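Observations on the model geometry
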Amino acid sequence: MKIGVIGLGYVGLPLAVAFAEAGREVVGVDADPAKAEALNAGRSYVEDIADDTLAPLSERLRATTDYAELGSCEAVAICVPTPLTGAREPDLTYLTAAATALASVLRAGQLVVLESTTYPGTTRERLQPILEGSGLSAGADFNLAFSPERIDPGRTDYTVRTTPKLVGGLTEACAERARELYELVCDEVVVLSTPEAAELSKLLENIFRSVNIALVNELSQLCDRLGIDIWEVVDAAATKPFGFMRFDPGPGMGGHCLPVDPFYLAFKAREHDFYPEFIELAGKINRAQPGYCTERIARALNEAEKPVKGSRVLVLGVAYKPGVGDTRESPALEMIGLLRELGAEVTYHDPHVPELPQLDLSSVDLEQGLSDADAAAIVTAHPELDYAAVVSKAALVVDFRGVTRGIEAANLVRL
Ligand SMILES: NC(=O)c1ccc[n+]([C@@H]2O[C@H](COP(=O)([O-])OP(=O)(O)OC[C@H]3O[C@@H](n4cnc5c(N)ncnc54)[C@H](O)[C@@H]3O)[C@@H](O)[C@H]2O)c1
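Residues numbered from 1 in each chain as written. Predicted model: local features only at pLDDT ≥ 70, side-chain atom pairs only at ≥ 80, totals over all residues. Heavy atoms only, no water.

1. Quick look at the overall build of the chain
Rules: Think of it this way: any DSSP run of H or I at least four residues long counts as a helix, any run of E at least two long counts as a strand, and we number them from the N terminus. Only C-alpha atoms enter the radius of gyration, while the globule expectation follows 2.2 Å times N to the 0.38, with N the number of residues. We call two residues in contact when some of their heavy atoms are within 4.5 Å. In these tables, accessible area is a Shrake-Rupley quantity obtained with a 1.4 Å probe, and a residue counts as shielded only by the protein chains included in the view. Only four residue types enter the tally: Lys and Arg on the positive side, Asp and Glu on the negative side, with His and both chain ends excluded. By convention, the charge on Lys lies at NZ, on Arg at CZ, on Asp at CG and on Glu at CD.
Helix and strand counts for the chain stand at 13 helices and 15 strands. The C-alpha atoms of the chain give a radius of gyration of 23 Å, which matches the 22 Å a tight globule of 415 residues would have. Oriented by its inertia axes, the alpha-carbon framework of the chain measures out at about 70 × 50 × 40 Å. Put simply, 69% of the contacts in the chain that link residues at least 6 apart link residues at least 24 apart. Total accessible area computed for the chain in this model is approximately 18,400 Å², and 53% of it derives from carbon and sulfur atoms. Of the side-chain charges in the chain, 37 are positive and 61 negative, and the distance between the mean point of each set is 2 Å.

2. Looking at the site of the ligand
In plain terms, the rule: Residue proximity to a molecule or strand is established when one non-hydrogen atom of the residue lies within 4 Å of it. Any pair of N or O atoms that falls within 3.5 Å is considered a polar contact. Within protein, one atom must be able to donate a hydrogen and the other to accept it, and sequence-neighbouring residues count only if both atoms are side-chain atoms.
Taken together, 28 residues surround the ligand, and among them Val-11, Asp-30, Lys-35, Tyr-67 and Thr-82 come closest. Between the ligand and the protein, one listed contact pairs an oxygen atom with a backbone N or O atom of Tyr-10 at 3.1 Å. Here an oxygen atom of the ligand sits 3.0 Å away from a polar atom, N or O, in the main chain of Thr-117. Here the ligand has 830 Å² of accessible area as a free molecule, and 91% of this is covered by the chains. When residues of the shell around the ligand are assigned to their parent elements, the largest contribution, three residues, is made by helix α4 (residues 93–103).

3. A word on the pairing of strand β10 (residues 345–349)
The criterion, for reference: A pair of strands is labelled paired if DSSP reports no fewer than 2 bridges between them. Here a crossover is taken to be right-handed if, once the strands point away from the viewer, the path from the first strand over the helix to the second is traced clockwise.
Judged from the five bridges that link them, strand β9 (residues 312–316) and β10 form a sheet pairing that is parallel. The residue bridging Leu-316 from the neighbouring strand is His-349, located in β10. Read from β9 through helix α11 (residues 331–341) to β10, the crossover connection turns out right-handed.

4. Some points on the state of the cysteines
Here is the rule we go by: Cysteine sulfur atoms that come within 2.5 Å of each other are treated as a disulfide pair.
What the rule picks out here adds up to zero disulfides. Looking at Cys-73, it has no disulfide partner, and the nearest cysteine sulfur is the one in Cys-79, 13 Å off. Lacking any disulfide linkage, Cys-293 is separated from the closest cysteine sulfur, that of Cys-223, by 14 Å.

5. A few points about the sheet that holds β10
Counted only if it meets this: Interaxial angles span 0 to 180 degrees and are taken between N-to-C directions of axes, which are lines fitted to C-alpha atoms, for helices over the stretch in contact.
One open sheet accounts for five strands, arranged β10-β9-β13-β14-β15; its pairing is parallel. Here the strands that pair on one side only, and so sit at the sheet edges, are β10 and β15 (412–414). Along the sheet, successive strands turn relative to each other by an average axial angle of 20 degrees, direction set aside. Looking at chain direction, strand β13 (residues 375–378) and strand β14 (residues 397–399) are connected through three bridges and run parallel. Residue Ala-376 lies in a different strand from β14, and its bridge partner there is Val-397. Contacting β9, β13, β14 and β15, helix α10 (residues 277–303) crosses the sheet at an angle of about 150 degrees to β15. Of the strands in this sheet, β9 and β10 touch α11, which is tilted by about 180 degrees from β9.

6. Points about α11
Threshold: In this scheme, a residue with accessible area under 20% of its type's maximum is buried, one over 50% is exposed, and one in between is partly exposed, where area comes from a 1.4 Å probe on protein chains only.
Along α11, the positions that sit buried rather than exposed are Pro-331, Ala-332, Leu-333, Met-335, Ile-336 and Leu-339. Buried residues along α11 sit against α10, β9, β10, β11 (355–356) and β12 (361–362). Immediately downstream of α11, the backbone of Gly-343 shows phi near 95 degrees, a positive value.

7. Here's the deal with the nonpolar core
Note on soluble globular proteins: their nonpolar side chains tend to be buried together. Worth spelling out the cut-off: Nonpolar cores are built from buried Ala, Val, Leu, Ile, Met, Phe, Trp, Tyr and Cys residues. Side-chain atoms within 4.5 Å join them into one set.
Counting 40 residues, the largest nonpolar core has Ile-297, Val-315, Val-318, Ile-336, Leu-339, Leu-356 and Phe-400 as its most contacted members. Elements supplying a minimum of two residues to this core: α7 (195–226), α8 (230–237), α10, β9, α11, β10 and β13. Setting aside residues up to four positions removed in sequence, Leu-339 forms contacts with Thr-294, Ile-297, Val-308, Val-313, Val-315, Ala-344 and Val-346. Among the nonpolar cores identified, the runner-up in size contains 39 residues, and Ile-6, Val-29, Ala-138 and Phe-142 belong to it.

Here it is, written out as C-alpha coordinates:
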(Lines give C-alpha, C1' and ligand atoms only; values in the text may rest on other atoms or scores of the structure.)
Protein backbone atom coordinates (compact mmCIF):
# COMPACT_ATOMS: atom_id res chain seq x y z
CA MET A 1 0.00 0.00 0.00
CA LYS A 2 1.36 3.40 -1.00
CA ILE A 3 0.27 6.22 1.29
CA GLY A 4 0.17 9.98 0.74
CA VAL A 5 0.37 12.63 3.46
CA ILE A 6 -0.52 16.25 2.67
CA GLY A 7 1.10 18.78 5.04
CA LEU A 8 4.39 17.62 6.57
CA GLY A 9 4.36 19.62 9.82
CA TYR A 10 4.21 18.65 13.47
CA VAL A 11 1.36 16.26 12.67
CA GLY A 12 1.98 15.09 9.12
CA LEU A 13 5.68 14.31 9.37
CA PRO A 14 5.44 11.94 12.38
CA LEU A 15 2.52 10.21 10.65
CA ALA A 16 4.44 9.85 7.39
CA VAL A 17 7.40 8.46 9.35
CA ALA A 18 5.15 5.99 11.18
CA PHE A 19 3.78 4.62 7.88
CA ALA A 20 7.28 4.40 6.41
CA GLU A 21 8.55 2.62 9.54
CA ALA A 22 5.67 0.16 9.10
CA GLY A 23 7.20 -0.71 5.71
CA ARG A 24 4.90 1.33 3.46
CA GLU A 25 5.95 3.58 0.63
CA VAL A 26 5.03 7.14 1.58
CA VAL A 27 4.76 10.29 -0.52
CA GLY A 28 4.56 13.50 1.48
CA VAL A 29 3.28 16.65 -0.22
CA ASP A 30 4.00 20.02 1.33
CA ALA A 31 3.38 23.47 -0.13
CA ASP A 32 6.72 24.60 1.28
CA PRO A 33 9.53 23.51 -1.09
CA ALA A 34 12.14 24.05 1.66
CA LYS A 35 10.48 21.35 3.79
CA ALA A 36 10.34 18.88 0.90
CA GLU A 37 13.97 19.60 0.10
CA ALA A 38 15.07 19.18 3.73
CA LEU A 39 13.29 15.84 4.11
CA ASN A 40 14.69 14.47 0.86
CA ALA A 41 18.15 15.44 2.13
CA GLY A 42 17.45 13.56 5.38
CA ARG A 43 17.08 16.70 7.50
CA SER A 44 14.19 16.95 9.93
CA TYR A 45 12.72 20.28 11.04
CA VAL A 46 10.37 18.71 13.61
CA GLU A 47 12.01 18.19 17.00
CA ASP A 48 10.31 14.84 17.69
CA ILE A 49 11.79 13.35 14.50
CA ALA A 50 15.57 12.95 14.54
CA ASP A 51 17.65 12.92 11.36
CA ASP A 52 18.71 9.41 12.43
CA THR A 53 15.08 8.35 12.24
CA LEU A 54 14.79 9.61 8.64
CA ALA A 55 18.03 8.03 7.40
CA PRO A 56 16.86 4.38 7.21
CA LEU A 57 13.56 5.48 5.61
CA SER A 58 15.06 7.34 2.66
CA GLU A 59 14.01 4.61 0.20
CA ARG A 60 10.39 4.62 1.36
CA LEU A 61 9.65 8.23 2.39
CA ARG A 62 9.84 10.96 -0.23
CA ALA A 63 8.63 14.53 -0.11
CA THR A 64 7.45 16.74 -2.94
CA THR A 65 5.37 19.84 -3.69
CA ASP A 66 3.68 18.03 -6.57
CA TYR A 67 0.19 16.66 -5.94
CA ALA A 68 0.37 14.53 -9.09
CA GLU A 69 2.31 11.93 -7.09
CA LEU A 70 -0.73 11.33 -4.90
CA GLY A 71 -2.59 9.83 -7.85
CA SER A 72 -0.78 6.53 -7.31
CA CYS A 73 -1.52 6.31 -3.55
CA GLU A 74 -4.16 4.03 -2.09
CA ALA A 75 -4.78 6.33 0.86
CA VAL A 76 -4.13 10.04 1.46
CA ALA A 77 -4.14 11.77 4.87
CA ILE A 78 -4.63 15.54 5.01
CA CYS A 79 -2.72 17.26 7.84
CA VAL A 80 -2.75 20.96 6.89
CA PRO A 81 -3.16 23.84 9.36
CA THR A 82 -6.61 24.93 10.58
CA PRO A 83 -5.95 28.29 12.28
CA LEU A 84 -8.31 31.16 13.09
CA THR A 85 -8.78 34.29 10.99
CA GLY A 86 -8.11 37.74 12.47
CA ALA A 87 -11.79 37.79 13.45
CA ARG A 88 -11.24 34.50 15.37
CA GLU A 89 -13.30 32.43 12.96
CA PRO A 90 -12.22 29.14 11.35
CA ASP A 91 -9.72 29.67 8.55
CA LEU A 92 -10.19 26.74 6.19
CA THR A 93 -8.17 28.24 3.34
CA TYR A 94 -5.32 25.69 3.75
CA LEU A 95 -7.80 22.83 3.76
CA THR A 96 -9.66 24.20 0.76
CA ALA A 97 -6.43 24.64 -1.18
CA ALA A 98 -5.23 21.13 -0.33
CA ALA A 99 -8.61 19.58 -1.19
CA THR A 100 -8.81 21.43 -4.51
CA ALA A 101 -5.35 20.27 -5.49
CA LEU A 102 -6.11 16.71 -4.37
CA ALA A 103 -9.39 16.67 -6.34
CA SER A 104 -7.41 17.28 -9.52
CA VAL A 105 -5.52 13.97 -9.07
CA LEU A 106 -8.13 11.92 -7.18
CA ARG A 107 -8.96 8.55 -8.66
CA ALA A 108 -11.55 5.83 -8.01
CA GLY A 109 -10.76 3.44 -5.16
CA GLN A 110 -8.74 5.88 -3.06
CA LEU A 111 -9.27 6.59 0.62
CA VAL A 112 -9.01 10.21 1.79
CA VAL A 113 -8.76 10.95 5.52
CA LEU A 114 -8.82 14.38 7.09
CA GLU A 115 -6.70 14.64 10.25
CA SER A 116 -6.70 18.41 10.80
CA THR A 117 -8.67 19.55 13.83
CA THR A 118 -11.91 21.22 12.81
CA TYR A 119 -15.61 21.72 13.61
CA PRO A 120 -18.17 18.93 13.17
CA GLY A 121 -19.42 18.87 9.61
CA THR A 122 -16.20 19.93 7.89
CA THR A 123 -15.50 16.55 6.28
CA ARG A 124 -19.01 16.20 4.90
CA GLU A 125 -19.92 19.82 4.18
CA ARG A 126 -16.60 21.30 3.10
CA LEU A 127 -14.19 18.55 2.05
CA GLN A 128 -16.60 16.17 0.31
CA PRO A 129 -17.99 18.70 -2.24
CA ILE A 130 -14.49 19.86 -3.21
CA LEU A 131 -13.26 16.30 -3.70
CA GLU A 132 -16.42 15.47 -5.66
CA GLY A 133 -15.42 18.28 -8.02
CA SER A 134 -13.25 15.51 -9.48
CA GLY A 135 -16.42 13.90 -10.86
CA LEU A 136 -16.08 11.00 -8.40
CA SER A 137 -18.66 10.33 -5.70
CA ALA A 138 -17.66 10.01 -2.02
CA GLY A 139 -18.69 6.73 -0.46
CA ALA A 140 -19.28 5.18 -3.88
CA ASP A 141 -16.17 5.87 -5.99
CA PHE A 142 -13.76 6.84 -3.24
CA ASN A 143 -13.77 6.55 0.55
CA LEU A 144 -13.77 9.52 2.89
CA ALA A 145 -13.22 9.64 6.66
CA PHE A 146 -12.14 11.91 9.49
CA SER A 147 -9.52 10.78 11.99
CA PRO A 148 -8.31 13.40 14.47
CA GLU A 149 -4.62 13.73 15.18
CA ARG A 150 -3.87 13.36 18.89
CA ILE A 151 -0.13 13.89 18.82
CA ASP A 152 1.41 15.85 21.71
CA PRO A 153 4.77 17.18 20.53
CA GLY A 154 7.58 16.54 23.00
CA ARG A 155 5.74 13.64 24.64
CA THR A 156 7.60 10.32 24.66
CA ASP A 157 5.36 8.11 26.84
CA TYR A 158 2.62 7.96 24.18
CA THR A 159 3.44 7.62 20.49
CA VAL A 160 1.49 7.31 17.24
CA ARG A 161 1.42 3.56 17.90
CA THR A 162 0.28 3.61 21.51
CA THR A 163 -2.29 6.42 21.30
CA PRO A 164 -5.69 5.00 20.29
CA LYS A 165 -6.86 6.43 16.96
CA LEU A 166 -10.45 7.54 16.36
CA VAL A 167 -12.01 7.19 12.91
CA GLY A 168 -15.41 8.21 11.58
CA GLY A 169 -16.30 7.32 7.99
CA LEU A 170 -18.86 8.74 5.61
CA THR A 171 -20.12 5.16 5.19
CA GLU A 172 -19.36 1.91 7.02
CA ALA A 173 -17.06 0.94 4.16
CA CYS A 174 -15.22 4.27 4.49
CA ALA A 175 -14.73 3.67 8.23
CA GLU A 176 -13.51 0.15 7.57
CA ARG A 177 -10.92 1.36 5.04
CA ALA A 178 -9.74 3.98 7.52
CA ARG A 179 -9.52 1.40 10.29
CA GLU A 180 -7.38 -0.85 8.08
CA LEU A 181 -5.10 2.09 7.26
CA TYR A 182 -4.47 3.13 10.85
CA GLU A 183 -4.10 -0.42 12.11
CA LEU A 184 -0.81 -0.40 10.19
CA VAL A 185 0.62 2.09 12.71
CA CYS A 186 -1.71 2.15 15.75
CA ASP A 187 -2.31 -0.63 18.28
CA GLU A 188 -5.92 0.42 18.81
CA VAL A 189 -8.35 2.00 16.35
CA VAL A 190 -11.75 3.13 17.66
CA VAL A 191 -14.47 3.39 15.00
CA LEU A 192 -17.19 6.02 15.50
CA SER A 193 -20.50 6.15 13.68
CA THR A 194 -19.87 9.37 11.72
CA PRO A 195 -17.11 11.84 10.80
CA GLU A 196 -19.00 14.45 12.85
CA ALA A 197 -18.70 12.37 16.04
CA ALA A 198 -14.95 12.01 15.44
CA GLU A 199 -14.58 15.73 14.70
CA LEU A 200 -16.38 16.67 17.89
CA SER A 201 -14.49 14.10 20.02
CA LYS A 202 -11.22 15.85 19.22
CA LEU A 203 -12.72 19.23 20.09
CA LEU A 204 -14.06 17.85 23.38
CA GLU A 205 -10.54 16.70 24.31
CA ASN A 206 -9.11 20.17 23.72
CA ILE A 207 -12.02 22.08 25.25
CA PHE A 208 -11.73 19.88 28.35
CA ARG A 209 -8.12 21.02 28.73
CA SER A 210 -8.88 24.66 28.00
CA VAL A 211 -11.72 24.81 30.56
CA ASN A 212 -9.69 23.11 33.29
CA ILE A 213 -6.66 25.32 32.66
CA ALA A 214 -8.95 28.36 32.90
CA LEU A 215 -10.37 27.10 36.18
CA VAL A 216 -6.95 26.76 37.78
CA ASN A 217 -5.74 30.05 36.26
CA GLU A 218 -8.70 31.85 37.77
CA LEU A 219 -8.02 30.16 41.11
CA SER A 220 -4.39 31.33 40.95
CA GLN A 221 -5.65 34.93 40.84
CA LEU A 222 -7.99 34.31 43.78
CA CYS A 223 -5.17 32.64 45.74
CA ASP A 224 -3.06 35.75 45.20
CA ARG A 225 -5.74 37.84 46.93
CA LEU A 226 -6.31 35.27 49.68
CA GLY A 227 -2.59 34.84 50.37
CA ILE A 228 -2.80 31.09 49.68
CA ASP A 229 -0.16 29.21 47.67
CA ILE A 230 -1.96 27.85 44.54
CA TRP A 231 0.77 25.27 43.99
CA GLU A 232 0.33 23.83 47.49
CA VAL A 233 -3.43 23.62 46.82
CA VAL A 234 -3.03 21.87 43.44
CA ASP A 235 -0.42 19.47 44.84
CA ALA A 236 -2.75 18.64 47.72
CA ALA A 237 -5.84 18.10 45.53
CA ALA A 238 -3.79 15.89 43.22
CA THR A 239 -3.14 13.41 46.05
CA LYS A 240 -6.77 12.28 45.62
CA PRO A 241 -6.50 9.00 43.69
CA PHE A 242 -9.92 9.37 42.02
CA GLY A 243 -12.27 12.10 40.85
CA PHE A 244 -9.61 14.77 40.31
CA MET A 245 -7.34 15.43 37.35
CA ARG A 246 -4.39 17.73 37.80
CA PHE A 247 -4.08 20.95 35.77
CA ASP A 248 -1.49 23.59 36.59
CA PRO A 249 -1.89 27.35 36.40
CA GLY A 250 0.47 29.35 34.20
CA PRO A 251 0.90 32.43 32.02
CA GLY A 252 -1.85 31.37 29.59
CA MET A 253 -2.40 28.86 26.82
CA GLY A 254 -0.28 28.49 23.72
CA GLY A 255 0.26 26.24 20.73
CA HIS A 256 -1.67 25.58 17.59
CA CYS A 257 -4.47 23.71 19.36
CA LEU A 258 -5.86 24.84 22.71
CA PRO A 259 -6.16 28.59 22.02
CA VAL A 260 -7.66 27.88 18.59
CA ASP A 261 -9.72 24.70 18.42
CA PRO A 262 -12.48 25.54 20.93
CA PHE A 263 -13.44 28.51 18.75
CA TYR A 264 -14.06 26.17 15.83
CA LEU A 265 -16.89 24.67 17.85
CA ALA A 266 -18.13 28.04 19.09
CA PHE A 267 -18.37 29.12 15.44
CA LYS A 268 -20.38 26.03 14.45
CA ALA A 269 -22.61 26.42 17.51
CA ARG A 270 -23.44 30.02 16.55
CA GLU A 271 -24.70 28.79 13.18
CA HIS A 272 -27.28 26.87 15.22
CA ASP A 273 -28.15 29.82 17.50
CA PHE A 274 -26.29 28.19 20.37
CA TYR A 275 -23.71 30.02 22.47
CA PRO A 276 -21.41 27.61 24.33
CA GLU A 277 -20.53 29.56 27.46
CA PHE A 278 -17.78 27.32 28.84
CA ILE A 279 -15.70 27.79 25.69
CA GLU A 280 -16.00 31.57 25.63
CA LEU A 281 -15.43 31.93 29.38
CA ALA A 282 -12.36 29.68 29.38
CA GLY A 283 -10.99 31.58 26.38
CA LYS A 284 -11.56 34.90 28.11
CA ILE A 285 -9.79 33.83 31.32
CA ASN A 286 -6.87 32.16 29.55
CA ARG A 287 -6.37 35.08 27.17
CA ALA A 288 -6.24 37.49 30.10
CA GLN A 289 -3.54 35.49 31.89
CA PRO A 290 -0.48 36.94 30.06
CA GLY A 291 -1.67 40.41 31.08
CA TYR A 292 -2.17 39.31 34.67
CA CYS A 293 1.30 37.72 34.76
CA THR A 294 2.89 40.86 33.30
CA GLU A 295 1.25 42.79 36.10
CA ARG A 296 2.77 40.32 38.61
CA ILE A 297 6.23 41.09 37.21
CA ALA A 298 5.52 44.83 37.54
CA ARG A 299 4.41 44.28 41.14
CA ALA A 300 7.52 42.25 41.98
CA LEU A 301 9.76 44.97 40.50
CA ASN A 302 7.82 47.56 42.46
CA GLU A 303 8.52 45.64 45.68
CA ALA A 304 12.20 45.83 44.75
CA GLU A 305 11.72 49.59 44.31
CA LYS A 306 12.17 49.47 40.56
CA PRO A 307 9.79 50.82 37.93
CA VAL A 308 9.10 48.58 34.95
CA LYS A 309 10.22 51.39 32.66
CA GLY A 310 13.94 50.97 32.10
CA SER A 311 14.12 47.66 34.02
CA ARG A 312 15.77 44.73 32.29
CA VAL A 313 13.56 41.63 32.26
CA LEU A 314 14.88 38.22 31.19
CA VAL A 315 12.11 35.88 30.01
CA LEU A 316 13.04 32.24 30.58
CA GLY A 317 11.33 30.03 28.01
CA VAL A 318 9.38 31.45 25.07
CA ALA A 319 8.13 28.20 23.48
CA TYR A 320 4.47 27.48 24.20
CA LYS A 321 5.36 24.47 26.32
CA PRO A 322 8.40 22.71 27.81
CA GLY A 323 10.71 20.65 25.65
CA VAL A 324 9.65 22.05 22.25
CA GLY A 325 10.71 24.97 20.05
CA ASP A 326 7.20 25.84 18.82
CA THR A 327 6.24 29.44 19.69
CA ARG A 328 2.84 29.55 18.00
CA GLU A 329 0.36 31.47 20.20
CA SER A 330 2.89 31.32 23.05
CA PRO A 331 1.88 33.58 25.97
CA ALA A 332 5.55 34.55 26.30
CA LEU A 333 5.31 36.55 23.06
CA GLU A 334 2.38 38.55 24.37
CA MET A 335 4.14 39.14 27.70
CA ILE A 336 7.26 40.41 25.92
CA GLY A 337 5.08 42.85 23.96
CA LEU A 338 3.30 44.04 27.12
CA LEU A 339 6.57 44.47 29.03
CA ARG A 340 7.99 46.49 26.14
CA GLU A 341 4.88 48.67 26.09
CA LEU A 342 5.57 49.42 29.75
CA GLY A 343 9.13 50.44 28.85
CA ALA A 344 11.04 47.35 30.01
CA GLU A 345 14.13 46.16 28.15
CA VAL A 346 13.33 42.53 27.44
CA THR A 347 15.74 39.70 26.66
CA TYR A 348 15.05 35.98 26.62
CA HIS A 349 16.76 32.64 27.01
CA ASP A 350 15.32 29.51 25.43
CA PRO A 351 17.46 26.49 24.50
CA HIS A 352 14.82 25.43 21.93
CA VAL A 353 14.20 28.83 20.30
CA PRO A 354 17.41 30.50 19.10
CA GLU A 355 15.65 33.42 17.39
CA LEU A 356 12.40 35.37 17.68
CA PRO A 357 12.58 37.35 14.42
CA GLN A 358 9.06 38.77 14.84
CA LEU A 359 10.27 40.51 18.03
CA ASP A 360 13.79 41.14 16.75
CA LEU A 361 15.32 39.10 19.59
CA SER A 362 17.82 36.24 19.88
CA SER A 363 18.23 33.91 22.84
CA VAL A 364 20.91 35.27 25.19
CA ASP A 365 23.43 33.28 27.20
CA LEU A 366 21.74 32.21 30.45
CA GLU A 367 24.52 33.23 32.87
CA GLN A 368 25.00 36.59 31.19
CA GLY A 369 21.28 37.20 30.90
CA LEU A 370 20.72 36.44 34.58
CA SER A 371 23.51 38.70 35.74
CA ASP A 372 22.31 41.57 33.48
CA ALA A 373 18.62 41.39 34.44
CA ASP A 374 16.67 43.17 37.16
CA ALA A 375 14.16 40.34 37.05
CA ALA A 376 13.95 36.88 35.48
CA ALA A 377 10.47 35.56 34.66
CA ILE A 378 10.04 31.79 34.30
CA VAL A 379 7.39 31.67 31.59
CA THR A 380 8.04 28.22 30.07
CA ALA A 381 9.93 25.74 32.22
CA HIS A 382 12.15 23.73 29.88
CA PRO A 383 13.37 20.68 31.80
CA GLU A 384 17.07 21.22 31.08
CA LEU A 385 17.32 24.43 33.15
CA ASP A 386 18.42 24.33 36.80
CA TYR A 387 15.85 26.56 38.49
CA ALA A 388 17.53 26.48 41.93
CA ALA A 389 20.62 27.91 40.21
CA VAL A 390 18.44 30.54 38.49
CA VAL A 391 17.10 31.67 41.89
CA SER A 392 20.60 31.80 43.38
CA LYS A 393 21.99 33.90 40.48
CA ALA A 394 19.14 36.28 39.61
CA ALA A 395 18.38 39.57 41.37
CA LEU A 396 14.67 38.71 41.30
CA VAL A 397 12.75 35.67 40.00
CA VAL A 398 9.05 35.53 39.14
CA ASP A 399 8.00 31.91 38.61
CA PHE A 400 4.81 31.32 36.64
CA ARG A 401 5.29 27.55 36.38
CA GLY A 402 5.79 26.43 39.96
CA VAL A 403 9.22 24.93 39.25
CA THR A 404 10.73 26.68 42.28
CA ARG A 405 8.33 24.93 44.67
CA GLY A 406 10.27 23.99 47.80
CA ILE A 407 12.64 26.95 47.47
CA GLU A 408 12.19 29.87 49.87
CA ALA A 409 14.17 32.99 48.98
CA ALA A 410 13.69 36.72 49.44
CA ASN A 411 14.22 37.32 45.72
CA LEU A 412 11.59 34.75 44.63
CA VAL A 413 7.91 35.35 43.78
CA ARG A 414 5.60 32.58 42.52
CA LEU A 415 2.28 32.81 40.69
N1 LIG B 1 0.75 20.46 16.45
C2 LIG B 1 0.00 19.73 17.24
O3 LIG B 1 0.37 19.45 18.38
C4 LIG B 1 -1.32 19.18 16.77
C5 LIG B 1 -1.90 18.13 17.51
C6 LIG B 1 -3.11 17.61 17.08
C7 LIG B 1 -3.74 18.14 15.96
N8 LIG B 1 -3.17 19.18 15.28
C9 LIG B 1 -3.86 19.66 14.09
O10 LIG B 1 -3.21 19.15 12.93
C11 LIG B 1 -3.26 20.09 11.87
C12 LIG B 1 -1.85 20.42 11.38
O13 LIG B 1 -1.13 21.00 12.45
P14 LIG B 1 0.45 21.08 12.48
O15 LIG B 1 0.83 21.48 13.85
O16 LIG B 1 1.04 19.84 11.89
O17 LIG B 1 0.69 22.29 11.46
P18 LIG B 1 2.10 22.70 10.76
O19 LIG B 1 1.96 24.14 10.42
O20 LIG B 1 3.24 22.25 11.61
O21 LIG B 1 2.14 21.83 9.44
C22 LIG B 1 1.24 21.99 8.39
C23 LIG B 1 2.00 21.81 7.08
O24 LIG B 1 1.07 21.91 6.02
C25 LIG B 1 1.72 22.57 4.94
N26 LIG B 1 0.68 23.09 4.06
C27 LIG B 1 -0.11 24.18 4.20
N28 LIG B 1 -0.97 24.28 3.17
C29 LIG B 1 -0.71 23.23 2.36
C30 LIG B 1 -1.26 22.79 1.14
N31 LIG B 1 -2.28 23.40 0.55
N32 LIG B 1 -0.74 21.68 0.56
C33 LIG B 1 0.28 21.01 1.15
N34 LIG B 1 0.83 21.39 2.31
C35 LIG B 1 0.34 22.48 2.90
C36 LIG B 1 2.56 23.64 5.61
O37 LIG B 1 3.61 24.06 4.78
C38 LIG B 1 3.07 22.87 6.85
O39 LIG B 1 4.30 22.23 6.60
C40 LIG B 1 -4.01 21.29 12.42
O41 LIG B 1 -5.37 21.15 12.12
C42 LIG B 1 -3.83 21.17 13.91
O43 LIG B 1 -4.88 21.76 14.64
C44 LIG B 1 -1.96 19.69 15.65
